[in-house]
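Chain by chain, the residues:
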Amino acid sequence: MAAAVASASGGLGLGGPPSRTPIATASGLLALLSEPDPSLVRRALTGLLAVVDTLWHEVAESLPDLEAIAEGGEGHESHDGAARETAAALASRVFFHLEEPRQALRLALESGGHFDVMAPSKADGPYVERLVNAAIEEYVSRRAREFDGEDAAGAAAGDEEEEEELDAEKLAGVVHLMFERCYADGSYGHALGVAFEGREAARAAEVLSRLSSSGLPAGEVVSVLSGALRTASELIPSKAFRSEALGLIGASLHDVFGDDAAPGPARRSAACSLALCRQLLGDAAAVASIVTRLVDGGDDDRGLLGLQLCFDLVDSGDQAFASAVAAGLPGKGEGAVDDAGEEGVEVSAPRSDAAWARFDNARRVLTGGVTSELSLS
């Protein structure tokens, strides 16, 4: 055994930092794992961690020993916390190469600083990304069951045992770091997708708040919100949470739509997405307010966009909703309007005949009058 120690120490520099020099076999280092001297075991673990990505198939034979060290099992009580974390990191890497990401994640959660979610090295990128995805999948699955009123007691026995293997607090910590990384990278769409899948309204509200204060151009903000709108409307199965998510997205779109400092194209895009969002929520009064604000905008582009929204409503096939929107538009006999709804329509002066003509056109579109005339022609 002395020869093995000497060979391993000389070949990988176990007296100092781990060497990256390729070696043909890890047998010498693996032999040191059974040594009674904790310092030799610790150095062997450090050396193995440096070569595990190429010699994982050899290290895999010692997985039971590595897990025992990581867990401080019988006969391994003398190892300190650093050695246990290194053993966990080493075993995690082996499971990653064996394509068992859940087991790799279980051990990575016990590996301390060896599992760097925020700033992984280039070499560690695939490993970290795969395990972060596994963490998200597990976290989303648990959150969805909690939201839907199901708990571990209602799951299959095998699944329940699997879930208990992962530390819930540490798992949540990884997901939190993932969100922080998304904020740093500007990946707000991805962050919203995870929040929606996990049925986390508070987290979604946080992402939207960070998006609004990110300093991104208004057009990019609307693009993210429009993508989130599609995700929420098409992929969230829970009607209750879908309504909550749409409400959050609508509030953010309304902020852009009502921002006079935002560029015209961004505000127009926000208006279209906001109208669709309010329609999905069944809020005809809010859509009427959006159309009213556009028609009252004072320029041809906004007026035409208001009419286009009316055509889109009719094309959606929900004539009852379109008629309800038409009923919410101001009529000439009503005079001036001070507040036409939550979308912030304010009119301080009587409307001109041209404005009333635009409203008449919008109402005809919504009630099917224009469509009928086109069909007859």
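If you're wondering where the values come from, they're calculated on a predicted model, not measured in any experiment.

Q: Where do I start with the overall build of the protein in this structure?
A: The number of helices and strands found in the protein is 19 helices and zero strands. Burial status across the protein gives 44% buried among its 377 residues. Long-range contacts, defined as pairs at least 24 residues apart, comprise 66% of the intrachain contacts of the protein with a sequence gap of at least 6. Taken as a whole, the protein presents about 18100 Å² of accessible surface, with 51% of it coming from carbon and sulfur.

Q: Help me out: how do you make sense of the packing of aromatic side chains in this one?
A: Given two aromatic rings, one states the distance between the centres and the angle between the planes to describe the pair. Applying the stated criterion to the full structure yields six aromatic pairs. Pairing Phe115 with Tyr127 gives two aromatic rings, centres 6.2 Å apart and planes at 75°, and the pair type is edge-to-face. Residue Phe115 is found in the loop between α6 (101-108) and α7 (125-147), and its partner Tyr127 is found in helix α7; the two are separated by 12 residues along the sequence. In this structure, Phe115 and Tyr127 share a single accessibility class: buried. Both rings, one in Trp356 and one in Phe359, keep their centres 5.9 Å apart while their planes meet at 50°; by these two values the pair is tilted. Of this pair, Trp356 and Phe359 both sit in helix α18 (residues 353-366), three residues apart, which is roughly one turn of that helix. You can call Phe359 buried: its relative accessible area is 0%. Taken together, the aromatic side chains of Phe96, Phe115 and Tyr127 make up a single cluster linked through ring pairs. Between the NZ or CZ atom of Arg203 and the centre of the ring of Phe179, over which it lies, the distance is 4.3 Å. If you follow Arg293 out to its NZ or CZ, it ends over the ring of Phe257, 5.1 Å from the centre.

Q: It is not clear to me how the side chain of Glu58 should be interpreted in this structure. Could you clarify?
A: Counting through the fold element by element, Glu58 comes out in helix α3 (residues 38-59). In this view, Glu58 contacts Ala24, Thr25, Ala26, Ser27 and Leu30; residues no more than four positions away in its chain are not counted.

Q: Is there a simple way to think about unusual backbone geometry in this case?
A: Trans peptide bonds make up most of the peptide bonds, and negative phi angles are found at most residues other than glycine. One non-glycine residue, Glu99, adopts positive backbone phi at about 60°. Position of Glu99 relative to the elements: it lies in the loop between α5 (81-97) and α6. Phi is positive for Arg199, close to 55°, though the residue is something other than glycine. Within the secondary structure, Arg199 is located in the loop between α10 (188-197) and α11 (201-212). A relative accessible area of 11% places Arg199 in the buried class.

Q: So what exactly am I meant to see when it comes to the packing of helix α15 (residues 284-295) against helix α17 (residues 319-328) here?
A: Between α15 and α17, whose axes approach to 8 Å, the crossing angle comes to 55°. Judged by the angle between their axes, α15 and α17 are oblique. Viewed along their axes, α15 and α17 form a crossing whose handedness is right-handed. Residues Ala284, Val287 and Ala288 of α15 touch α17, and the partners they reach there are Phe321, Ala324, Val325 and Gly328. The residue inventory of the contact of α15 with α17, partitioned by class, reads six nonpolar, one polar and no charged.

Q: I tried to follow helix α13 (residues 239-257) on my own but got confused; where do I start?
A: Given 3.6 residues per helical turn, the α-helix brings residues three or four places apart onto the same face. Its 19 residues place the ends of α13 26 Å apart at the C-alpha level, agreeing with the 27 Å of an ideal helix rising 1.5 Å per residue. Check the buried side of α13 and you find it contacts α7, α10, α11, α12 (218-235), α14 (264-280) and α15.

Q: For this particular structure, what's the right way to read the pattern of salt bridges?
A: Oppositely charged side chains can pair when the atoms bearing their charge come close. A full pass over the atoms with the stated rule returns 16 salt bridges. Linking Glu129 and Arg181 is a salt bridge whose minimum nitrogen-to-oxygen distance equals 2.7 Å. Here Glu129 is found in helix α7, whereas its partner Arg181 is found in helix α9 (residues 168-185), with 52 residues between them in sequence. Arg363 is the salt-bridge partner of Asp360, the closest N and O atoms lying 3.4 Å from each other. Of this pair, Asp360 and Arg363 both sit in helix α18, three residues apart, which is roughly one turn of the helix. Residue classification places Asp360 among the partly exposed positions, given a relative accessible area of 41%. Classification of Arg363 by relative accessible area gives partly exposed; the value is 23%. Here the residues in one salt-bridge network are Asp53, Arg93 and Asp124, joined through shared partners.

Q: Sorry if this is basic, but what is going on with α18 here?
A: Taking 1.5 Å of rise per residue, 14 residues should cover 20 Å, and α18 covers 20 Å from first to last C-alpha, within 8% of that figure. Buried residues of α18: Ala355, Trp356, Phe359, Ala362, Val365 and Leu366, and no others. Positioned one or two residues after α18, Gly368 has a phi angle of 90°, which is positive.

So, how was this worked out
Residues numbered from 1 in each chain as written. Predicted model: local features only at pLDDT ≥ 70, side-chain atom pairs only at ≥ 80, totals over all residues. Heavy atoms only, no water. Helix = DSSP H or I, 4+ residues; strand = E, 2+ residues; numbered from the N terminus. Buried < 20%, exposed > 50% of the residue type's maximum accessible area, 1.4 Å probe, protein only. Contact = heavy atoms within 4.5 Å. Areas by Shrake-Rupley, 256 points an atom, 1.4 Å probe, with all protein chains shown as cover. Phe/Tyr/Trp six-rings, centres within 6.5 Å; stacked < 30°, edge-to-face > 60°. Lys NZ or Arg CZ within 6 Å of the ring centre and 35° of its normal. Axes fitted to C-alpha atoms, helices over the stretch in contact; angles between N-to-C directions. Parallel < 35°, antiparallel > 145°, perpendicular 65-115°, else oblique. Left-handed = near helix turned anticlockwise from the far one by under 90°. Nonpolar A, V, L, I, M, F, W, Y, C, P; charged D, E, K, R; others polar. Expected span 1.5 Å × (residues − 1). Salt bridge = Lys/Arg side-chain N within 4 Å of Asp/Glu carboxyl O.

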